[in-house]
Amino acid sequence: MKNSRLFEILYLLVEKRAVTAGELARRLEVSERTIYRDVDALSAAGIPVYAQKGKGGGIRLMDQFVLDRALLSQEQQDEILFALQAIRATAGGEEALSRLSALFRREGSDWLEVDFADWGSGAVERENFSLVKRSILERRPLSFTYYSSAGEKSRREVESARLVFKAGCWYLSAFCRARQDWRIFRLVRMEELALEEGSCPLRTPPEHLEAPLPDGCRGVNLKLRFAPATAWRVRDYFHPREIAVQPGGCLLVDCTFPEDQWLLSFLLSFGGQLEVLSPDYWRDILKEEMKKSLEIYIT
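### What to know about the overall build of the chain
Argument step 1. For the chain, the helix and strand inventory stands at nine helices and 12 strands.
Argument step 2. Within the chain, buried positions represent 33% of all 299 residues.
Argument step 3. For the chain, the proportion of contacts with a sequence separation of at least 24, taken over those separated by at least 6, is 55%.
Argument step 4. Looking at the chain as shown, the accessible area adds up to about 18,800 Å², and 52% of this sits on carbon and sulfur atoms.

Here it is, written out as structure tokens:
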């Protein structure tokens, strides 16, 4: 733990050249006394670091110091370059990648490409991604208009914490100031984004954050039977534990979804290749919707 903290201090000093003991203590969640002991340890290891008192003082590196690539193994260099490739693929970072590649005397391969241009929402998602990224890195509040899966519109102000890519979509994991709780927001449903003044406290989002059900919405357990021709799509949407393959190739799925308009549209999208086995009232809902669709074409 101490070694990783020493490297963290060193990299912060390389980036900023000077930082106060208080800032480091808050960042690393230790006491200022521990920070000064770490500075002594770095100095003893030959790193030209020193503490300067008074106005404009702080912990500093000698101006001539540069980060020696020998501090990092080849594997660690690769990990850094690959991470920067991922950043470049989503939101820039070309200059940092170029500088570190030159420092390590390595050529980074273009191993990753992220294409936001899906079925019409790519440009919106890319623009939102950029502002959300700034909100996270600059720790500034973010406000936006949001449309839930049920089509409800609301204005939110959040403390952005993490960008998440899941099931082919980008989401923001953030602390919602109105709800005073963690929420996730799909980027393509966000409009009128604005970075607000002020700063956000450092928060760590819970692991495996699940999307909350919309207000007034409940979950429903469904038992579904899909025709064999839908197998590729079923496996895209459902976990293997939820799928049981039957003799003849039909797939039985036992799953739980929020009971909203999206679910109705999703089930109808399978047409005659899906049968809802239970609950019975969802069989009735689909029958009524199919009758409405049929009436359009027979009148």
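Next comes the rest of the write-up.
### A closer look at the pattern of salt bridges
Argument step 1. Counted under the stated rule, the structure contains 14 salt bridges.
Argument step 2. Measuring nitrogen to oxygen at the nearest pair gives 2.6 Å for the salt bridge that ties Arg 177 to Glu 157. Taken together, the residues Arg 177 in the loop between strand 6 (169-176) and strand 7 (181-186) and Glu 157 in strand 5 (residues 153-166) connect sequence positions 20 residues apart.
Argument step 3. Taking relative accessible area as the criterion, Glu 157 reaches 31% and is therefore assigned partly exposed.
Argument step 4. Of the charged contacts, one joins Glu 275 and Arg 225 as a salt bridge, the two residues approaching to 2.7 Å between their closest N and O atoms. On the criterion of sequence distance, the pair formed by Glu 275 in strand 12 (residues 274-278) and Arg 225 in strand 9 (residues 219-226) is long-range, its members being 50 residues apart.
Argument step 5. Given a relative accessible area of 34%, Arg 225 falls into the partly exposed group.
Argument step 6. One salt-bridge network, in which partners are shared between bridges, spans Arg 134, Glu 138, Arg 140 and Glu 197.

### Observations concerning the packing of aromatic side chains
Aromatic ring pairs: the centre-centre distance and the angle between the two ring planes describe each pair.
Argument step 1. If you walk through the whole model with that rule in mind, you get 12 aromatic pairs.
Argument step 2. Here Phe 144 and Phe 185 contribute two aromatic rings whose centre-to-centre distance is 5.1 Å and whose plane-to-plane angle is 80 degrees, an arrangement assigned as edge-to-face. Of this pair, Phe 144 sits in strand 4 (residues 142-147) while Phe 185 sits in strand 7, and the two are 41 residues apart along the sequence.
Argument step 3. Put simply, the rings of Phe 226, Tyr 237, Phe 238, Phe 257, Phe 266 and Phe 270 pair up and form one aromatic cluster.
Argument step 4. Across the ring face of Phe 175, the terminal group of Arg 203 is positioned such that the distance to the ring centre comes to 3.9 Å.

### Quick word on the side chain of Thr 230
Argument step 1. With respect to the helices and strands, Thr 230 occurs in the loop between strand 9 and helix 7 (231-237).
Argument step 2. At 2.7 Å, the side chain of Thr 230 and the backbone oxygen of Ala 227 are in polar contact.

What counts and how
- Residues take numbers from 1 onward in each chain, read along the sequence in its written order.
- Local features are withheld for residues below a pLDDT of 70 in this predicted model, meaning they are given only at 70 or higher, and side-chain atom pairs are given and counted only at 80 or more; totals for whole chains, interfaces and linings count all residues.
- Excluding hydrogens and water, the side-chain figures rest on all heavy atoms present in the structure.
- Every helix listed is a DSSP run of H or I at least four residues long, and every strand listed is a run of E at least two residues long, numbered separately from the N terminus.
- Under the scheme applied here, a residue whose accessible area is under 20% of the maximum for its type counts as buried, over 50% as exposed, and between as partly exposed, the area being computed with a 1.4 Å probe on protein chains only.
- Contacts are residue-level and defined by heavy atoms, with any inter-residue pair within 4.5 Å sufficient.
- In this description, accessible areas are obtained by the Shrake-Rupley approach with a 1.4 Å probe, and a residue is regarded as covered only by the protein chains that are shown.
- The salt bridge criterion pairs a side-chain nitrogen of Lys or Arg with a carboxyl oxygen of Asp or Glu, the two atoms within 4 Å.
- Ring pairs shown here join Phe, Tyr and Trp side chains whose ring centres sit within 6.5 Å, with only the six-membered ring taken for Trp; geometry is labelled stacked below 30 degrees between planes, edge-to-face above 60, and tilted in between.
- Consider the ring centre and the ring normal. A charge sits over the ring if Lys NZ or Arg CZ is within 6 Å of that centre and within 35 degrees of that normal.
- N or O atoms closer than or at 3.5 Å make up a polar contact, with two conditions inside protein: a donor-capable atom paired with an acceptor-capable one, and, for residues adjacent in sequence, both atoms drawn from side chains.

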